[in-house]
Amino acid sequence: MALPGTKAQLTIVNLSFGRIQTSGGPGQSPAGHEFVVNARVDVNPRKLGALAGEGIDCPQLQWCETIEWYEHDAKTDSWIDRGELKRDMYAFNPASNTFATWNVARYTFAKHEHHAPAGLVSMQSERDAKHWIARNGFQWNVPVVDTPRMGLKGGSHGGGGESLVIGPSRRRVIHFDIGFSGSGLRLQATQILETLNGELTIQKFITHRLSKGQTTDATNLGRWRSELASSAHTWAL
């Protein structure tokens, strides 16, 4: 049994966005984005040799989302706020496919580093890679991939991000706040998806958090609609 306070420690040294790309699009349902969060992690080797055991103390992933829903009123040609949901998606459903790389292959991803030692590369399993890192220490990157999308013709209730509007004319805004317990490093982003009568009108992903005022601003909404028409996908406001 490991002695208290002697296990190897995993810390988060950097968080950044990796690949961001559109998924689906006009006439292609569901539509949204695929984006990568890169967590740069570092493990200090265990102390006291075998007395420390083979475990690694690891912070918990925090994948917080605030999801706002709007419904289009055809009679007044206006958008009505239908409420919001707030949830730590990792705490709610850690077995989600989104978190598979973090849960299942966190340590074997270290083998992909260009400077990975031969001893680490030779490890065949997640368990063996973890034990090697606990003994020797290492720094590497773990990617987490999310694919937030929305059906063009409508949707149904249910799931971690329960739809508050299920018809073919709706806007969904997701504010992401991503980090780890015990770490001050955070990544924030905002995604806006909008359909009108089953046709995609906004498909926007922004690599920082916007206020509700910004996501309901008529000038911003008009620009994002024109960007879709011109296929100009930028990750800025």
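Notes on the structure in this doc start here.

**Quick look at helix H4 (residues 126–136)**
No. 1: Taken as a whole, H4 has its buried residues at Ala-129, His-131, Trp-132, Ile-133 and Ala-134.
No. 2: Turning to H4, the residues buried within the fold contact strand E1 (8–25), strand E2 (28–44), strand E3 (56–57), helix H3 (118–121) and strand E6 (138–146).
No. 3: At the C-terminal side of H4, Gly-137 shows a positive phi close to 80°.

**Considerations on the packing of aromatic side chains**
No. 1: With the rule as written, the count across this model stands at 12 aromatic pairs.
No. 2: Both rings, one in Phe-176 and one in Phe-205, keep their centres 6.3 Å apart while their planes meet at 40°; by these two values the pair is tilted. Taken together, the residues Phe-176 in strand E8 (residues 170–180) and Phe-205 in strand E10 (residues 199–206) connect sequence positions 29 residues apart. Grouping residues by exposure puts Phe-176 and Phe-205 together as buried.

**Some thoughts on the pattern of salt bridges**
No. 1: This model, assessed by the stated rule, comprises 11 salt bridges.
No. 2: Asp-81 is paired through a salt bridge with Lys-212; the nearest N and O atoms lie 2.7 Å apart. Residue Asp-81 is found in strand E5 (residues 78–88), and its partner Lys-212 is found in helix H5 (residues 212–215); the two are separated by 131 residues along the sequence.
No. 3: We note a salt bridge from Arg-127 to Asp-128, for which the minimum N-O separation is 3.8 Å.
No. 4: On the basis of relative accessible area, Arg-127 is assigned to the exposed category, the value being 56%.

Thresholds, definitions, all that
Residues numbered from 1 in each chain as written. Predicted model: local features only at pLDDT ≥ 70, side-chain atom pairs only at ≥ 80, totals over all residues. Heavy atoms only, no water. Buried < 20%, exposed > 50% of the residue type's maximum accessible area, 1.4 Å probe, protein only. Helix = DSSP H or I, 4+ residues; strand = E, 2+ residues; numbered from the N terminus. Contact = heavy atoms within 4.5 Å. Phe/Tyr/Trp six-rings, centres within 6.5 Å; stacked < 30°, edge-to-face > 60°. Salt bridge = Lys/Arg side-chain N within 4 Å of Asp/Glu carboxyl O.

Fair warning: the whole summary comes from geometry, so function is off the table for now.
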